[in-house]
Amino acid sequence: MVNQVQRDGGSWQSCKSDSSGASNSGGESSKESSRCSTPVLDADRADRLRDKMRRRMDSGDRWFSLEFFPPRTASGAVNLISRFDRMGSGGPLFIDITWHPSGDPGSDKETSSMMIASTAVNYCGLESILHLTCCNQTKEKITGHLAKAKHLGLKNIMALRGDPMGTDWEEEEGGFNYAVDLVKHIRSEFDDYFDICVAGYPTGHPEAQSYEQDLRHLKEKVDAGADFIITQLFFRADTFLKFLDDCRANGITCPILPGIFPIQGYQSLRQLVKLSKLEVPEEITKVIEPIKDNDAAIRNYGIHQAVEICRVLLDSGKVPGLHFYTLNREVATIEVLRQLGLWKEDPRRPLPWAISAHPKRKVEDVRPIFWASRPKSYIYRTQDWDEFPNGRWGNSSSPAFGELNDYYLFYLKSKSSKDALLQMWGKELMNEDSVYEVFTCYITGQPNRNGHKVMCLPWNDDPLAPETNLLKDELEKVNRRGVLTINSQPNINGKPSADPIVGWGPAGGYVFQKVRRLLDLFCVCGQVVLLPHVLMSPIVCLCVSGRNLTNAPDLQPNAVTWGIFPGREIVQPTVVDPVSFMYWKDEAFALWIEQWAKLYEDESPSRMIIKYIHDNYFLVNLVDNDFPLQSCLWQVIDDMFELLDAPTEPLRDITV
């Protein structure tokens, strides 16, 4: 336990903790863009997908959407979630996840359709549609899947009959044989909660008696409650445009999105054509047959062909949005979107943290900053909260954070393989200096001694953020000396909200933030002891983990980021909160072991070095509250090192 230490200008008060290190306070603490992947600070966040679609149509704003299928393996799930983050940055209106009856799609498995769609919504902030088919399902089972989807925050369903498991469709006793019956069931059991999408077939369903009959069946699905249509793939633009005109002539007025398939490989084309029972036009076959063994050449042709089709559709004035069958790949689809001018990575963030698309989190607009680099972890640990902080971090917060016992949940697992992590962090660690070198290489972007760039750390799975680059020189200096930094932000005093590095929120505003240094893990007997002796003003807020030393004994949140925007109240989206710090520090320490030490064999020198750091270092959070002035934190650290190096009389001890 850290005893209270008095000094001029303020007191340093210990916060008691139990043996686990958790605070025994009980956890109590006191439109402008319609891109769904980047919600904004108003009611638009709660808009239904069909409303967003209609608004985009009314404004003449074009959009795109993306289809993915569940992977077969856990590592594939990790890769797919990373792809969601990358492809979500281009601004899709929504994504959709297919449903495969043979893959246990409604289960809690990390590879199931249900869990992939839930992760996209909750952890990636993407508006998502979950496919649901009638195949091999009773009405009761379908109802259970829909109830589970609603509980997980999914709001959109693509209602399909589905492909038969064998050659021919087999009726399921107590089930549905047609998509129209599934649509009716959803509306009957869940009223208007779900937005419902159905499939359209530009050349007619292969099992329909005629094209005209299939149009009548499509009209029945819309009349039963479907909100919009996504079509099967096609190879000529005029095929879709004729289908669109025929739909309108038959009284189908809802949005109809063309399904675009960029050809990416010979075998994938053959497989998709087989499943969809379509014929490849002769003009395409003549091109791809001679190059069928050249994947790059086929992909380039597929990009060119898709761009040509999309341009005709968009130029017609009848097509406001395009839906892409990605086959879980990104290169071809992104290139098509770039050439069409639809891929728009907006550097302005709606908030300084990644937003969940779960409907119950729609009022959430403030978070503790500790999870800035691990937003998925924060969402996971607060998933059971009944209400979320709105405007202020205080009494509206939940009384408890959930436990984080499984660090290898697929949405939290590192995107890098074990071999890649060992190359970056060291196949063998010699001493603590080896760890300091890893942090320094991450900060500077310089290769390590083995020639590998350090692109991530256990606390941050991405390269250094542009905002942190503003502090690179200072960060390099302190990390080389063993002050290991894992979160930071520069002081900002009235930068435009459109600033490409630090900007966030609607245009025309200004953003502010205090200098904050989360200095990960000071040495117990050295640097931590010196901090009370070098902090010359209470304007610097300090929290120290482990035995919990703080100069914020009243446990009040400290705003570190805020923004001022035209016609709005001041927005305060991130805070330093001493109570949540106690939960964060448990996670921060555990990552040393779970993400780093476990790369090495038991009892190996490398594992013992990481374990020593875990057991003997402190986690320290410093905030400079005098944000309009040049930060004093770097001077504090310099003074600490100077005092540590100087031959002086013994300093007053802090009993641990």
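Look up: the structure comes first, before these words.
Residues numbered from 1 in each chain as written. Predicted model: local features only at pLDDT ≥ 70, side-chain atom pairs only at ≥ 80, totals over all residues. Heavy atoms only, no water.

Colleague: Account for the nonpolar core, with residues named and values stated.
Modeller: Nonpolar side chains tend toward joint burial in soluble globular proteins. In terms of nonpolar packing, the biggest core is built from 140 residues, with Phe-84, Leu-313, Leu-322, Phe-324, Trp-425, Val-435 and Trp-596 touching the most fellow members. With 11 residues, helix H18 (residues 578-596) is the largest single contributor of residues to this core. The residue makeup of this core includes at least three contributed by each of domain 1 (49-163 + 173-340) and domain 2 (367-644). Sequence-distant contacts of Leu-322, defined by excluding residues within four places in its chain, comprise Trp-63, Phe-64, Ser-65, Pro-258, Ile-260, Cys-310, Leu-313, Leu-314, Leu-340 and Leu-342. Formed by 26 residues, the second largest nonpolar core is a distinct cluster that contains Leu-49, Met-53, Ile-263 and Tyr-301. (Core = buried A, V, L, I, M, F, W, Y, C linked by side-chain atoms within 4.5 Å. Buried < 20%, exposed > 50% of the residue type's maximum accessible area, 1.4 Å probe, protein only. Helix = DSSP H or I, 4+ residues; strand = E, 2+ residues; numbered from the N terminus. Domains from an automatic or database assignment. Contact = heavy atoms within 4.5 Å.)

Colleague: Requested: an account of helix H14 (residues 432-444), with residues and values cited.
Modeller: When the terminal C-alpha atoms of H14 are compared, their 19 Å separation across 13 residues agrees well with the 18 Å that a helix rising 1.5 Å per residue should span. Within H14, 10 of the 13 residues are buried, which leaves it mostly tucked inside the rest of the structure. Turning to H14, its buried residues number three or more, namely Ser-434, Val-435, Tyr-436, Val-438, Phe-439, Thr-440, Cys-441, Tyr-442, Ile-443 and Thr-444. Where H14 is buried, its residues meet helix H13 (418-425), helix H16 (472-480), strand S12 (484-489), H18, helix H19 (605-616) and strand S20 (617-624). With a side-chain oxygen lying 3.0 Å from the backbone nitrogen of Asp-433, the N-terminal cap of H14 falls on Asn-431. Note on H14: the residue one or two positions beyond its end, Gly-445, has a positive phi of about 80 degrees. (Expected span 1.5 Å × (residues − 1). Polar contact = N/O pair within 3.5 Å; in protein donor to acceptor, adjacent residues only side chain to side chain.)

Colleague: Just give me the short version of the environment of Pro-557, but keep the residues and values in it.
Modeller: Note that Pro-557 resides in the loop between strand S17 (549-550) and strand S18 (558-564). A C-alpha to C-alpha distance of 8.6 Å links Pro-557 and Pro-368, two positions 189 residues apart in sequence.

Colleague: Describe the sheet that holds S18, listing the residues and the values that go with them.
Modeller: Strand order in the open sheet formed by 5 strands is S11-S19-S18-S14-S13, and the pairing between neighbours is mixed. Only two strands of the sheet have a single partner each, and these edge strands are strand S11 (367-368) and strand S13 (492-496). Pairing geometry for S13 and strand S14 (residues 510-513), over 4 bridges, is antiparallel. Following the sheet pairing, Pro-496 is matched in S14 by Tyr-510. (Pairing = 2+ DSSP bridges.)

Function cannot be inferred from these measures alone, as they are strictly geometric.
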